[in-house]
Amino acid sequence: MLTVRNAQDRGLAFHGWLKSFHTFSFGHYRNPDEQGFSDLLVINDDRVIAGKGFGQHPHRDMEIFSYVLEGALEHKDTLGTGSVIRPGDVQLMSAGHGVAHSEFNHSKVLPVHFLQIWIVPNVQGATPRYQQQHFSAEEKRGKLRLIISPEGAEGSLQVRQDARVYAGLFDGDERATLTLPEHRHAYVHVARGSIALNGQVLGEGDGVRVRQEQVLELSHGVGAEVLVFDLRPHELPGMP
């Protein structure tokens, strides 16, 4: 069963320097029907103008990853990590028992467009850690590349949860199939462009809750960049 979350129905926060679309309840946006899905709690689609960003703020007991679509995002945290994240890079910060970080547009001229995604961990009070890895366009072209997994398989980043995240780029005749283990949920988010999921046409910003489906087929992409989450089969009652 596919349940589509249309892009135009997402929450919106606009602060001048920041335009952020919220797939699930976040900040001042509260929707009782959109409280995350399985262990996936937040998908924020953020655009930050040149030279601006999020000042230092704390997190705990959350797996937070950033996926840059355009521009460059500068990250600093209380673990002593400082990095710049560009398209193709995936950054995963495991907040554990507590960490603070800041995120700013690295450019003084160009905007930055990125996704920030939260996954609820399966352990509380763990030691905070930071990971970053580059996945080239060639690795994702016409296929689903594993970028996050519990075991760090295939060079992916290691998440503290029974969740796997795949990224793919699709155009024209390119297509990919993902076979889920039995009794799993999935969530598909279209970061850019348009694509068909099992024949259902989706546009930029659309998302799909997937239940009781074992095979996912992505096809007919038009400049599409897609994230697919393989998740535990339960509904998450919590809120950010």
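From a predicted model like this one, the values you see are computed outputs, not experimental measurements. (Residues numbered from 1 in each chain as written. Predicted model: local features only at pLDDT ≥ 70, side-chain atom pairs only at ≥ 80, totals over all residues. Heavy atoms only, no water.)

Participant: Go over the pairing of strand 13 (residues 145-149), please, and point to the residues and values.
Facilitator: For strand 13, a buried count of five out of five residues is recorded, marking the element as mostly surrounded by other parts of the structure. Of the pairings in the sheet, the one linking strand 13 to strand 15 (residues 164-170) comprises three bridges and is antiparallel in character. By the bridge assignment for strand 15, arginine 145 is matched with alanine 167. Bridge count for strand 13 against strand 14 (residues 157-158) is two bridges, and the pairing is parallel. If you follow isoleucine 148 over to strand 14, its bridge partner there is leucine 157. (Buried < 20%, exposed > 50% of the residue type's maximum accessible area, 1.4 Å probe, protein only. Helix = DSSP H or I, 4+ residues; strand = E, 2+ residues; numbered from the N terminus. Pairing = 2+ DSSP bridges.)

Participant: Would you mind going over the UniProt feature "domain: Pirin N-terminal" (unreviewed entry) in the chain in detail, with residue names and values included?
Facilitator: As annotated by UniProt and renumbered to match this structure, "domain: Pirin N-terminal" (unreviewed entry) occupies residues 10-119. Secondary structure content for residues 10-119 is 0% helix and 57% strand, and the end C-alpha separation is 19 Å. (UniProt positions renumbered as here; feature names shortened; annotations may be inferred.)

Participant: Got a sec to walk through the sheet that holds strand 10 (residues 99-105)? Specific residues and values, please.
Facilitator: Judged by pairing direction, the sheet is antiparallel, and its four strands sit side by side in the order 5-10-7-8 without closing on themselves. Edge positions in the open sheet fall to strand 5 (53-59) and strand 8 (82-85), since each of these has one partner strand only. Here the strands of the sheet are splayed against their neighbours by 20° on average, with no regard to which way each runs. As judged from the five bridges shared by strand 7 (residues 73-77) and strand 10, these two strands associate in the antiparallel manner. Opposite leucine 73, over in strand 10, you have asparagine 105 as the bridge partner. (Axes fitted to C-alpha atoms, helices over the stretch in contact; angles between N-to-C directions.)

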